[in-house]
Number of protein chains: 2
Amino acid sequence: MPIATDPLSRSFFALADPTRRRLLELLGRGTASVNELAERFDMSRPAISQHLKVLEDAGLISRTKAGQYRTCELRPEGLSEAEAWVIEHRALWQARFDQLDEVIRGQQLPAHPEEEL
Amino acid sequence: MPIATDPLSRSFFALADPTRRRLLELLGRGTASVNELAERFDMSRPAISQHLKVLEDAGLISRTKAGQYRTCELRPEGLSEAEAWVIEHRALWQARFDQLDEVIRGQQLPAHPEEEL
DNA sequence: CGAATATGTAAGTAATTACTTACGCATTCG
DNA sequence: CGAATGCGTAAGTAATTACTTACATATTCG
């Protein structure tokens, strides 16, 4: 991704990695410290820390200092923009396709309904 | 992204780029040839072709040969998995947060409501 | 204070991206 | 047939990713 990426791209990008999605799922069960999270992965702690940074930059989590620890917490609103994009476009496209179906059905039947295969 | 990426990661990754999202939006208005799409961008045709490949690999579009042209078409179902993931998790997290609110309100008020700062 | 714990960050590496230009192949048409 | 059009792919480059190990810093505690 080029620098200065827009927020929506950052959100989708953050979600485009199994480790990061799993981090989100773990945090979905409750807040956790970085080490508590890192223990669940076959990966160095810094690697997890870096993944957390990606998630944080995308607005999907927050890390707050709590004494010696950093408490990681989900930010559900961080998912809003991505959710809106996906839902909106799926709906539009589906509507368009349904329209096409109607056009096909009402107007002109295919000469060879199952010519493929 | 490492090789052998899972389908969900590929979908999110494909969406994590403004050019690719704009391609999807253009295709949302109807099918188009590669050149028709490429004309809309300040980018070489091969670059668009490569973006289309990412979208195709993610199952978000299909390219079918039509004579001299390739007709690009949206595949709304390609968005299903990503849509499901986002919707499901948002709902879960929101529910969790609402629960937390209840716990806080009903059970025990913080001793120092604003100790930070 | 000084060791232990929790974490971020720097530096280095291999793999991937996102482009570009150059080329090759298929289809259309004069 | 032979030039033009449409499009994919190869090769090269600069920037980014995803890790790693090493290190610096903050907080807790004996």
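That block above? That's the structure.
Residues numbered from 1 in each chain as written. Chains lettered and ligands numbered in written order. Predicted model: local features only at pLDDT ≥ 70, side-chain atom pairs only at ≥ 80, totals over all residues. Heavy atoms only, no water.

(A) Spotlight on helix α2 (residues 18-27) of chain A. Counting buried residues in α2(A) gives seven out of 10 residues, a clear majority hidden from the surface. The set of residues buried in α2(A) consists of T19(A), R20(A), R21(A), L23(A), L24(A), L26(A) and L27(A). (Buried < 20%, exposed > 50% of the residue type's maximum accessible area, 1.4 Å probe, protein only. Helix = DSSP H or I, 4+ residues; strand = E, 2+ residues; numbered from the N terminus.)

(B) Spotlight on the interface of chain A and chain B. Facing the 33 residues of chain A at the interface are 33 residues of chain B. Summing both sides of the interface, chain A and chain B together bury roughly 3200 Å²; the carbon and sulfur share of this comes to 69%. When residues of chain A are sorted by the area they lose upon contact with chain B, P76(A), R90(A) and W93(A) head the list and together hold 20% of the total. The interface formed by chain A and chain B contains four salt bridges. Residue R90(A) is joined to E83(B) by a salt bridge in which the shortest nitrogen-to-oxygen separation is 3.0 Å. Scanning the region where chain A abuts chain B turns up 14 residue pairs in polar contact (both at pLDDT 80 or more). Per element, the largest residue contribution to the side of chain A that touches chain B is 11 residues, and it comes from helix α5 (residues 80-107) of chain A. (Contact = heavy atoms within 4.5 Å. Buried area = accessible area lost by both parts, 1.4 Å probe. Salt bridge = Lys/Arg side-chain N within 4 Å of Asp/Glu carboxyl O. Polar contact = N/O pair within 3.5 Å; in protein donor to acceptor, adjacent residues only side chain to side chain.)

(C) Seen up close, the pattern of salt bridges. Residue and element names in this part refer to chain B. What the rule picks out here adds up to 10 salt bridges over all chains. Close ionic contact of D57 with K53 constitutes a salt bridge, the shortest N to O distance being 3.4 Å. Of the two residues, D57 and K53 are both situated in helix α4 (residues 45-57); the distance of four residues between them amounts to about one turn of the helix. Note on D57: relative accessible area 44%, which makes it partly exposed.

(D) Quick peek at the relation of the copies chain A and chain B. For the match of chain A to chain B, the screw axis carries a shift of 0.0 Å, the RMSD comes to 0.0 Å, and the turn is 180°. The operation mapping one copy onto its partner corresponds to a two-fold rotation axis. Both copies present the same face, since 100% of the interface residues in chain A are matched by interface residues at the equivalent positions in chain B. (Least-squares fit on C-alpha atoms with pLDDT ≥ 70 in both.)

(E) Local environment of the sheet that holds strand β2 (residues 61-66) of chain A. All names here are of chain A. Pairing is antiparallel across the open sheet formed by three strands, whose spatial order is β1-β3-β2. Only two strands of the sheet have a single neighbouring strand rather than two, namely β1 (32-33) and β2. By the bridge criterion, two bridges tie β1 to strand β3 (residues 69-74) in an arrangement that is antiparallel. When the sheet's bridge partners are listed, S33 is paired in β3 with T71. Lying on the sheet, α2 is in contact with β1, β2 and β3; it crosses β3 at an angle near 90°. Strand contacts of helix α4 (residues 45-57): β2 and β3, with the helix running at about 120° to β2, the strand carrying the most contacts. (Pairing = 2+ DSSP bridges. Axes fitted to C-alpha atoms, helices over the stretch in contact; angles between N-to-C directions.)

(F) Expanded view of the packing of aromatic side chains. For the coordinates displayed, the defined rule picks out five aromatic pairs over all chains. For the pair W85(A) and W93(A), a centre-to-centre distance of 6.2 Å together with 85° between the ring planes defines the contact as edge-to-face. For the pair formed by W85(A) and W93(A), the shared burial category is buried. Taken together through their ring pairs, the aromatic side chains of F12(A), W85(A), W93(A), F12(B), W85(B) and W93(B) make up a single cluster. For the cation-ring pair, R22(A) lies above F41(A), with the distance from its terminal atom to the ring centre recorded as 4.2 Å. (Phe/Tyr/Trp six-rings, centres within 6.5 Å; stacked < 30°, edge-to-face > 60°. Lys NZ or Arg CZ within 6 Å of the ring centre and 35° of its normal.)

(G) The environment of V54(A), seen in detail. Residue and element names in this part refer to chain A. If you trace the backbone, V54 turns up in helix α4. You can call V54 partly exposed: its relative accessible area is 25%. With 40 residues separating them along the chain, V54 and A14 place their C-alpha atoms 6.1 Å apart.

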